[in-house]
Amino acid sequence: MSDERQVGVVLVSHSGPVAESVAELARGLAAGGVTAPVAAAGGLPNGGLGTSAELIGRAAASVDRGAGVAVLVDLGSAVLTVKAMLAEGDELPENTRLVDAPFVEGAVAAVVTASSGGDIGAVEAAASEAYGYRKT
Amino acid sequence: MLDADFFRRWMAATATAVDREADHLTELDSAIGDADHGSNLQRGFTAVAAVVEKDAPATPGAVLTLAGRQLISTVGGASGPLYGTLLRRTGKALGEAAEVDRDRLARAFAEGVAAVGQLGGAQAGDKTMLDALLPAAEALGSSFRGAADAARAGAGATVPLQARKGRASYLGERSIGHQDPGATSAALLVEALAETAADGGVDA
């Protein structure tokens, strides 16, 4: 069940390298079978810090396999831009969800769950549960 | 009555004002933010003025909806989705009407402002653009000039406040004593509306 129709994961950070690196980390930790599609949407198209609706839209379309897309974000404008795009209705694939989760830990949980065939609800739950893991 | 052309001129006037005040906005933002408010809004409203000129949407609602979408896709900072939501929601509330009066605009604008509060989770007194927009929306029911004055007074009144939203909130008490850049740019938007109305001989 992990061979097709996996949930896609989009990682939105203010920084291109942060988004790319977290995507690489999550893919690496999920490896072992077929890894779910993951796309990074970091920074501005010119490489600067910020949030680009264009990059987010493109990333979401690239990971959409028809099973939904989970979007994880870092700060401020990343959160607001994704919310504003969702409110528009037609800028993101059907069944795209903004997932309330810590960025790095949530990304790993989301990609592992999506890779093992979890549906969008399971991916969202796994990512959000990462908030519950206390470090001290 | 206000037609699509009036709204295009409002967006163009806002672009001009943001252009003129970009350095000032960035200076305010360098005190309590990340020093990009002026350049971000400059990029956004320049793109807005160009697209509403090129596409020439036929109704007031369509002008603002297009402007809002353009801001979300070009600004890059939090002011993009916030201003984008303000204009888009106001535009949607205006519906398909070919012309609207000030009363109708005031009601639609109030809906747009409420949507901004919902998106950012902010309230009056949090030292955000809402501190200019909320009093402006209320005063717009009476006059354009009153709305501009209320927005500017609201922006000025953010100086003694402690920021509770956005990056400035990380500064805690150190955010006190600085005028909020978002409230300042919001006052420019409303001032541009009043100027456009005065230039067109609309209302007062």
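Residues numbered from 1 in each chain as written. Chains lettered and ligands numbered in written order. Predicted model: local features only at pLDDT ≥ 70, side-chain atom pairs only at ≥ 80, totals over all residues. Heavy atoms only, no water.

Named according to an unreviewed UniProt entry, chain B is Dihydroxyacetone kinase subunit L originating from Kitasatospora albolonga.

For chain A, an unreviewed UniProt entry supplies the name PTS fructose transporter subunit IIA and the organism Streptomyces stephensoniae.

Colleague: Break down the nonpolar core for me, citing the residues and quoting the values.
Modeller: Nonpolar side chains in soluble globular proteins tend to end up buried together. By size, the foremost hydrophobic cluster in this structure holds 62 residues, and its most contacted members are Phe7, Met11, Phe45 and Phe144 of chain B. Elements with a contribution of two residues or more to this core: α1 (4–32), α2 (37–55), α3 (60–74), α4 (79–94), α5 (102–120), α6 (130–139), α7 (144–156) and α8 (181–199) of chain B. Among the elements that make up this core, the one with the highest residue count is α8 of chain B (10 residues). Once residues lying within four places of it in the same chain are set aside, the contact partners of Phe7 of chain B are Leu2, Pro60, Val63, Leu64, Leu94, Val100 and Leu105 of chain B. Core analysis: the next-biggest nonpolar cluster, separate from the first, contains 23 residues, Ala23, Val38, Ala110 and Ala127 of chain A among them. (Core = buried A, V, L, I, M, F, W, Y, C linked by side-chain atoms within 4.5 Å. Buried < 20%, exposed > 50% of the residue type's maximum accessible area, 1.4 Å probe, protein only. Helix = DSSP H or I, 4+ residues; strand = E, 2+ residues; numbered from the N terminus. Contact = heavy atoms within 4.5 Å.)

Colleague: Outline the layout of surface pockets, supporting the account with residue identities and numerical values.
Modeller: When its volume is computed, the largest pocket comes out at roughly 1200 Å³. Lining the largest pocket are 47 residues, and of these Gly76 and Ser77 of chain A together with Ala78, Gly166 and Arg167 of chain B lie nearest its centre. Among the elements of the structure, α3 (76–88) of chain A together with α1, α2, α4, α5 and α8 of chain B are those that each provide at least two residues to the lining of the largest pocket. Element by element, the count of residues in the lining of the largest pocket is highest for α3 of chain A, at 5 residues. Of the residues belonging to the lining of the largest pocket, the class tally is 19 nonpolar, 17 polar and 11 charged. Its boundaries defined by the atoms lining it, the second largest pocket holds a volume of some 190 Å³. For the second largest pocket, the lining is made up of 15 residues, of which Arg152, Thr184, Ala187, Leu188 and Glu191 of chain B are closest to its centre. The greatest single-element share of the lining of the second largest pocket, amounting to 6 residues, is contributed by α8 of chain B. (1 Å grid on protein atoms, 1.4 Å probe; cavity = no way out; pocket = protein on both sides within 12 Å on 5 of 7 lines; lining within 4 Å. Points joined across faces, edges and corners; volume = space filled by probe spheres on them. Nonpolar A, V, L, I, M, F, W, Y, C, P; charged D, E, K, R; others polar.)

Colleague: Tell me about the side chain of Asn40 of chain B, residues and numbers included.
Modeller: Residues and elements named next belong to chain B. Position of Asn40 relative to the elements: it lies in helix α2. Only 2.9 Å separates the side chain of Asn40 from the side chain of Arg43, close enough to count as a polar contact. Discounting residues that sit within four places of it in the chain, Asn40 has contacts with Val75 and Gly77. (Polar contact = N/O pair within 3.5 Å; in protein donor to acceptor, adjacent residues only side chain to side chain.)

Colleague: Go over the UniProt feature "domain: DhaL" (unreviewed entry) in chain B, please, and point to the residues and values.
Modeller: Here, the residues flagged by UniProt with the feature "domain: DhaL" (unreviewed entry) are residues 5–195 of chain B. In this annotation, residues 5–195 of chain B is assigned 71% helix and 1% strand; the end-to-end C-alpha distance for the span is 14 Å. (UniProt positions renumbered as here; feature names shortened; annotations may be inferred.)

Colleague: I'd love a proper account of the interface of chain B and chain A, names of residues and values included.
Modeller: In many analyses, interface size is given as the accessible surface area lost on bringing the parts together. On the side of chain A, 14 residues touch chain B, which itself brings 15 residues to the contact. When chain B packs against chain A, the two sides together hide about 1100 Å² of surface, and 55% of this comes from carbon and sulfur. Between the two partners, chain B and chain A, sit 4 salt bridges. The salt bridge involving Arg69 of chain B is made with Glu91 of chain A; its shortest N-O contact spans 3.9 Å. Of all the elements, α4 of chain B adds the most residues to the side of chain B that touches chain A, at 5 residues. The residue makeup of the side of chain B that touches chain A, split by class, is 6 nonpolar, 5 polar and 4 charged. (Buried area = accessible area lost by both parts, 1.4 Å probe. Salt bridge = Lys/Arg side-chain N within 4 Å of Asp/Glu carboxyl O.)

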